[in-house]
Amino acid sequence: MTRLSEAARGVYVIAITPFTESGALDLEGCDRMVDFYLEAGATGLTVLGMMGEAPKLTSEESGIVVNRILKRVAGRVPVVVGVSSPGFAQMQALTSQVMDDGAAGVMIAPPGSLRTDDQIVAYYGQAAEAVGDVPFVLQDFPLATGVQMSVPVISRIVADNPTCVCLKHEDWPGLAKITALRKAGTLDRRISILCGNGGVFLPEEMERGADGAMTGFAYPEMMVHVVEGHARGDMDRARDLFDAYLPLARFEQQPGLGLAIRKYTLYKRGIIDTPALRKPGTALDPLTRAEVDMLVSRLEMRLKELN
């Protein structure tokens, strides 16, 4: 597998982890999920992200899921694996395992204990040392981690660590941060910027200089439409399609319910056999399921109108 590089672009879908109703891993569901993401136009996958319920998996299960997905992908697209952990020993062990299995790189989020700029920079220097020559994605997601990374801090991390090849930008929405990072002289080299937040700011992020998306949504084809439209210089068409999906994307962004909504929608689309989250997890009540059904129905009607 080709390793992740600064040239990464397109849509790297954050993969869910399918479970059975009893909470066991659904490995056949993993196969169908991979096929679905690739057919939707994903140019890469990211496994064991925060929306992949990674903290709910044992170390052994994490390895099993990654290995299964890598085998199904079979080198067709790059696969990035989240290896964030409280200690570097676990990070190093998982990184070694997934790279041996064929991953393209790893993603590292900062622990919530970091408070100062110097602490953040030092942490990523130690993390880069722990994973060795493996290319890594710097995950900037302050809403989840509580760690605020300024543009100068990101610039220092990139300058100090040649293996930092991509920023997963999930500030909310943080559009000015993208503009600042793309300003000449801010970074000592151009790295890939792939954006999160369920794609709800993707048109603006692409216009600001992002290279694509690294996030999840029950309709990943929406993100593909936007990225491809930007590449063609046809943002009007891209925005028309984006606007059609936006009500459902917005609904999926509800804190605490987003993953349950995404899994329910994928279940309704026939991609997974059950919308189950592993406990602790929130199941959707009947009213919320009905609201999702209504939004999906309206989306389908709007897509027909747009042809």
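For the structure, see preceding data.
Residues numbered from 1 in each chain as written. Predicted model: local features only at pLDDT ≥ 70, side-chain atom pairs only at ≥ 80, totals over all residues. Heavy atoms only, no water.

### As for the overall build of the protein chain
Within the protein chain one finds twelve helices and eight strands. Sequence-distant contacts, at least 24 apart, represent 73% of the contacts inside the protein chain between residues at least 6 apart. With an accessible surface of roughly 13000 Å², the protein chain has 52% of that area assigned to carbon and sulfur atoms. Positive and negative charge centroids in the protein chain, built from 31 and 38 side chains respectively, lie 2 Å apart. (Helix = DSSP H or I, 4+ residues; strand = E, 2+ residues; numbered from the N terminus. Contact = heavy atoms within 4.5 Å. Areas by Shrake-Rupley, 256 points an atom, 1.4 Å probe, with all protein chains shown as cover. Lys, Arg positive; Asp, Glu negative; His and termini not counted. Charge placed at Lys NZ, Arg CZ, Asp CG, Glu CD.)

### Digging into unusual backbone geometry
In this model, K279 is joined to P280 through a cis peptide bond whose omega is 0°. When you line up the elements, P280 lands in the loop between helix 11 (258-268) and helix 12 (286-306). In the Ramachandran plot, A74 falls in the positive-phi region, its phi being about 55° despite a non-glycine side chain. By the element assignment, A74 lies in the loop between helix 2 (59-73) and strand 3 (79-82). Taking the relative accessible area as the measure of exposure, A74 reaches 57% and is therefore exposed. (Buried < 20%, exposed > 50% of the residue type's maximum accessible area, 1.4 Å probe, protein only.)

### Side note on helix 11
Summarising burial for helix 11: nine of the eleven residues are buried, a large majority. For helix 11, the complete set of buried residues consists of G258, L259, A260, I261, R262, K263, Y264, T265 and L266. Of the surrounding secondary structure, the elements contacted by the buried residues of helix 11 are helix 1 (27-39), helix 10 (235-252) and helix 12. Where helix 11 terminates, the next one or two residues include G270, which has phi positive at roughly 85°.

### Considerations on the packing of helix 11 against helix 12
It is the contact of helix 11 with helix 12, at a shortest axis distance of 11 Å, that shows an interaxial angle of 60°. On the basis of their axis angle, the class for helix 11 and helix 12 is oblique. For the element pair helix 11 and helix 12, the recorded crossing hand is right-handed. In this structure, helix 11 contributes I261, Y264, T265 and K268 to the contact, and helix 12 contributes R289, V292, D293 and V296. (Axes fitted to C-alpha atoms, helices over the stretch in contact; angles between N-to-C directions. Parallel < 35°, antiparallel > 145°, perpendicular 65-115°, else oblique. Left-handed = near helix turned anticlockwise from the far one by under 90°.)

### Regarding the sheet that holds strand 1 (residues 10-14)
Strand order in the closed barrel formed by eight strands is 1-2-3-4-5-6-7-8, with parallel pairing between adjacent strands. Direction aside, the axes of adjacent strands within the sheet are offset by 25° on average. Pairing between strand 6 (residues 164-169) and strand 7 (residues 192-195): four bridges, direction parallel. Bridge pairing links H169 to C195 in strand 7. Its contacts with the sheet put helix 3 (residues 88-101) on strand 3 and strand 4 (105-108), and the angle it makes with strand 4 is roughly 150°. (Pairing = 2+ DSSP bridges.)

### Some thoughts on the nonpolar core
Looking at soluble globular proteins, one finds that nonpolar side chains tend to be buried together. Of all hydrophobic cores here, the largest spans 93 residues; its most connected members are Y37, L45 and I108. Setting aside its immediate chain neighbours within four residues, Y37 contacts V13, I14, A15, I16, A42, L45, P220 and L266. Grouped together as the second largest cluster of nonpolar side chains are twelve residues, L4, Y12, I14 and M214 included. (Core = buried A, V, L, I, M, F, W, Y, C linked by side-chain atoms within 4.5 Å.)

### Things to note about the packing of aromatic side chains
Enumeration according to the criterion identifies nine aromatic pairs in this entry. Both rings, one in Y123 and one in Y124, keep their centres 5.4 Å apart while their planes meet at 90°; by these two values the pair is edge-to-face. In textbook terms, an aromatic cluster arises when at least three aromatic residues are bridged by ring pairs, as seen for F88, Y123, Y124 and F136. (Phe/Tyr/Trp six-rings, centres within 6.5 Å; stacked < 30°, edge-to-face > 60°.)

### Quick word on the pattern of salt bridges
Pairing between side chains of opposite charge can happen when their charged atoms approach one another. One pass over the full model with this rule turns up 20 salt bridges. For K263, the salt bridge goes to E53, with nearest N and O atoms at 2.7 Å. Separated by 210 residues along the polypeptide, K263 in helix 11 and E53 in the loop between strand 2 (44-47) and helix 2 bring together distant segments of the chain. As far as the burial class goes, K263 and E53 line up, both buried. The closest approach of N and O atoms between K177 and D140, which form a salt bridge, is 2.7 Å. Of this pair, K177 sits in helix 7 (residues 175-182) while D140 sits in strand 5 (residues 136-140), and the two are 37 residues apart along the sequence. A relative accessible area of 9% places K177 in the buried class. For D140, a relative accessible area of 0% gives the class buried. (Salt bridge = Lys/Arg side-chain N within 4 Å of Asp/Glu carboxyl O.)

No statement about biological role is implied by the geometric values presented.
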